[in-house]
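Read off the chains here:
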Number of protein chains: 2
Amino acid sequence: MQVQVMKNILGENDKVASENRKFFNDNNVFVINLMGSPGSGKTSLLEKTIAELKDKISIAVIEGDLFTAKDAERIELHEVPVIQINTTGGCHLDAPMVRRAADSLDLNKIDLLIVENVGNLVCPAEFDVGENIKAAVLSITEGDDKPLKYPLIFKESAVVLLNKIDILPFTNFNLESAREDLTALHPGIKIIETSCTTGAGIPQWCEWLNSLVSEIK
Amino acid sequence: MQVQVMKNILGENDKVASENRKFFNDNNVFVINLMGSPGSGKTSLLEKTIAELKDKISIAVIEGDLFTAKDAERIELHEVPVIQINTTGGCHLDAPMVRRAADSLDLNKIDLLIVENVGNLVCPAEFDVGENIKAAVLSITEGDDKPLKYPLIFKESAVVLLNKIDILPFTNFNLESAREDLTALHPGIKIIETSCTTGAGIPQWCEWLNSLVSEIK
């Protein structure tokens, strides 16, 4: 019964996601669905990404949170258009939510739309919002066992950012084992080690992102 | 529609949760529902808790994970009864899952049952499994904004463990602000700073736990 309901919800979502995808493509907007655990560093990565790329391409952001506009307020300081979605307790963004938010943006002026999903390593991966790619942020403080324990998000994502890499020496995170597990789950997945504190990996991530945006222009 | 379905699911869950609660109470078993983000350190805290308490009280563990038995394998090394629940993608434990797992345990021989929920700061807080108390683990690497962004779990929990406190100097986590937000959300919530690396706070946490278990004996 619960499964049946979930199938209906997912079917309805996929329909709107396809419409979103066409809508974004028609407007030449490249869309990333950025996912990860609470506190993995999604918003900090976004801030660094905007700072690095905003003179090259025009960026807009949709922020997904249960409550508060804390993340949108942080992004707003970087002077890019940002829409906050509050799910009021909901554990993920879905395609209709993203469509309603996107309708408030002037897509003609946007090259790259980054959708920061609710902090959650499980549910967001199940809901297509019409993005071009999904990207997963995994803080190395979360432990190297996470890819095998939460496989769907890593199977679905084109890229995984191993974030907070500056704290690596103070953890028991095994980089080699994490890379092996990620590649076994998703052969060809792009893996970038990043730190918003030291700036490590940010240029590599931004260059890659910029090249993807250029491809659809 | 989606809300209606959710209400039905929650109503059914609450019915089984009440039965679980009576069942555990009748068997003099104190039950904790341990929740937190992926990688907040729930399993490590469990290992430390078992090591500290197992000569004083008898402990059993129910492990909730989407996939793998990695956590149960870690707990098994400590020679306490452990049951692994795999939700095969499901984002939380519910009362029927916990009941089925508990039926495999000899409750007459158990004082304290710790249910480690799926790593998720959102969904588990919505599902009563029949526990005596909920406990939240928040790694300080996740950031001090998390209580206000994910309020339900902290409103529902009797205690919050601010974990990985040893890494505090390498983060921008503001302890004072986190404590203020937690207390504003949930006046009287118990807050313990812990580290599984240095052992900080573990004796305090275990003494408190032991006193709760003693009360129902």
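Computed from a predicted model, the values in this text were never measured in an experiment.

Thresholds, definitions, all that
Residues numbered from 1 in each chain as written. Chains lettered and ligands numbered in written order. Predicted model: local features only at pLDDT ≥ 70, side-chain atom pairs only at ≥ 80, totals over all residues. Heavy atoms only, no water. Helix = DSSP H or I, 4+ residues; strand = E, 2+ residues; numbered from the N terminus. Contact = heavy atoms within 4.5 Å. Buried < 20%, exposed > 50% of the residue type's maximum accessible area, 1.4 Å probe, protein only. Arc of directions from axis to C-beta. Pairing = 2+ DSSP bridges. Axes fitted to C-alpha atoms, helices over the stretch in contact; angles between N-to-C directions. Core = buried A, V, L, I, M, F, W, Y, C linked by side-chain atoms within 4.5 Å. Buried area = accessible area lost by both parts, 1.4 Å probe. Salt bridge = Lys/Arg side-chain N within 4 Å of Asp/Glu carboxyl O. Parallel < 35°, antiparallel > 145°, perpendicular 65-115°, else oblique. Left-handed = near helix turned anticlockwise from the far one by under 90°. Nonpolar A, V, L, I, M, F, W, Y, C, P; charged D, E, K, R; others polar. Phe/Tyr/Trp six-rings, centres within 6.5 Å; stacked < 30°, edge-to-face > 60°. Lys NZ or Arg CZ within 6 Å of the ring centre and 35° of its normal. Expected span 1.5 Å × (residues − 1).

Residue and element names in this part refer to chain B. Along the polypeptide, Asn-132 turns up in the loop between β4 (112-116) and β5 (133-139). Sequence separation of Asn-132 and Val-29 is 103 residues, and the distance between their C-alpha atoms is 9.2 Å. Contact partners of Asn-132, with chain neighbours within four places excluded, come to Asn-25, Val-29, Phe-30 and Val-31.

Let's shift gears to helix α7 (residues 175-185) of chain A. Residue and element names in this part refer to chain A. Within the span of α7, buried status applies to Ala-178, Asp-181, Leu-182 and Leu-185. Projected down its long axis, α7 carries its buried residues within an arc of 100 degrees, all on one side. Within α7, the exposed residues directed more than 90 degrees away from the buried face are Glu-176, Glu-180 and Ala-184. As for α7, its buried residues are in contact with α5 (146-149), α6 (151-156), β6 (159-163) and β7 (190-193).

Moving on, we come to the pairing of β4(B). Residues and elements named next belong to chain B. Here β4 lies mainly inside the structure; 5 of its 5 residues are buried. In β4, alternate side chains face the same way, and those of Leu-112, Ile-114 and Glu-116 on one face and Leu-113 and Val-115 on the other are all buried. Note: strand β1 (residues 30-36) against β4, 5 bridges, orientation parallel. Within β4, the residue paired with Val-31 across the bridge is Leu-113.

Below, the discussion takes up the sheet that holds strand β5 (residues 133-139) of chain A. Residue and element names in this part refer to chain A. The 7 strands lie next to each other as β3-β2-β4-β1-β5-β6-β7, forming an open sheet whose pairing is parallel. Where the open sheet ends on each side, the last strands, each with one partner, are β3 (82-86) and β7. On average, each strand axis in the sheet is inclined to that of its neighbour by 20 degrees, with strand direction left out of account. In terms of strand pairing, β5 meets β6 through 5 bridges, oriented parallel. For Leu-138, the partnering residue across the bridge sits in β6 and is Leu-162. Together, β2 (59-65), β3 and β4 (112-116) form the strand contacts of helix α4 (residues 95-102), whose direction differs from that of β3 by roughly 145 degrees.

Residues and elements named next belong to chain B. Judged by pairing direction, the sheet is parallel, and its 7 strands sit side by side in the order β3-β2-β4-β1-β5-β6-β7 without closing on themselves. A single partner strand is all that each edge strand has here, and the edge strands are β3 (82-86) and β7 (190-193). Neighbour-to-neighbour, the strand axes of the sheet open up by a mean angle of 20 degrees, direction not taken into account. Of the pairings in the sheet, the one linking strand β2 (residues 59-65) to β4 comprises 5 bridges and is parallel in character. Among the inter-strand pairings, Ile-62 is bridged to a residue of β4, identified as Val-115. Sitting on the sheet, helix α4 (residues 95-102) is in contact with β2, β3 and β4, with an inclination near 145 degrees to β3. Against the sheet, helix α7 (residues 175-185) touches β6 (159-163) and β7, its axis set at about 155 degrees to β7.

The subject of this paragraph is the nonpolar core. Counting residues in hydrophobic clusters, the biggest one holds 49 residues, and the most contacted among them are A:Phe154, A:Val160, A:Leu162, B:Phe154, B:Val160 and B:Leu162. If you list the elements that add at least two residues to this core, you get β5, α6, β6 and α7 of chain A together with β5, α6 (151-156), β6 and α7 of chain B. The element contributing the most residues to this core is α7(B), with 4 residues.

Let us look at the interface of chain A and chain B. Tallying the contact residues gives 33 residues for chain A and 33 residues for chain B. Summed over both sides, the interface between chain A and chain B buries roughly 2800 Å², with carbon and sulfur atoms accounting for 63% of that surface. For the chain A face of the interface with chain B, the top three residues by lost area are A:Pro38, A:Lys149 and A:Phe170, together amounting to 20%. Scanning the region where chain A abuts chain B turns up 4 salt bridges. With its nearest N and O atoms 2.6 Å apart, the salt bridge here joins A:Asp71 to B:Lys149. Of all the elements in the fold, those that place two or more residues in the side of chain A that touches chain B are α1 (2-26), α3 (70-76) and α5 of chain A.

The subject of this paragraph is the packing of helix α2 (residues 42-53) of chain A against helix α8 (residues 202-216) of chain A. All names here are of chain A. Packing of α2 against α8 brings their axes to within 10 Å, and their N-to-C directions diverge by 65 degrees. Judged by the angle between their axes, α2 and α8 are roughly perpendicular. Between α2 and α8 lies a crossing whose hand is right-handed. The residues of α8 that touch α2, namely those facing Leu-45, Lys-48, Thr-49, Glu-52 and Leu-53, are Ile-202, Pro-203, Trp-205, Cys-206, Leu-209 and Asn-210. Split into classes, the residues belonging to the contact of α2 with α8 amount to 7 nonpolar, 2 polar and 2 charged.

Applying the stated criterion across every chain yields a total of 5 aromatic pairs over all chains. Just above the ring of A:Phe23 sits the side chain of A:Arg99; from NZ or CZ to the centre is 3.9 Å.

So, on to α8(A). An α-helical segment advances 3.6 residues per turn. Residues three or four places apart therefore align on the same side. Residues and elements named next belong to chain A. Taking 1.5 Å as the rise per residue, α8 with 15 residues should run 21 Å; its terminal C-alpha atoms sit 22 Å apart, in good agreement. When we look at burial in α8, the residues that qualify are Ile-202, Trp-205, Cys-206, Trp-208, Leu-209, Asn-210, Leu-212 and Val-213. Summarising the contacts, the buried residues of α8 are in contact with β1 (30-36), α2, β4, β5, β6 and β7.

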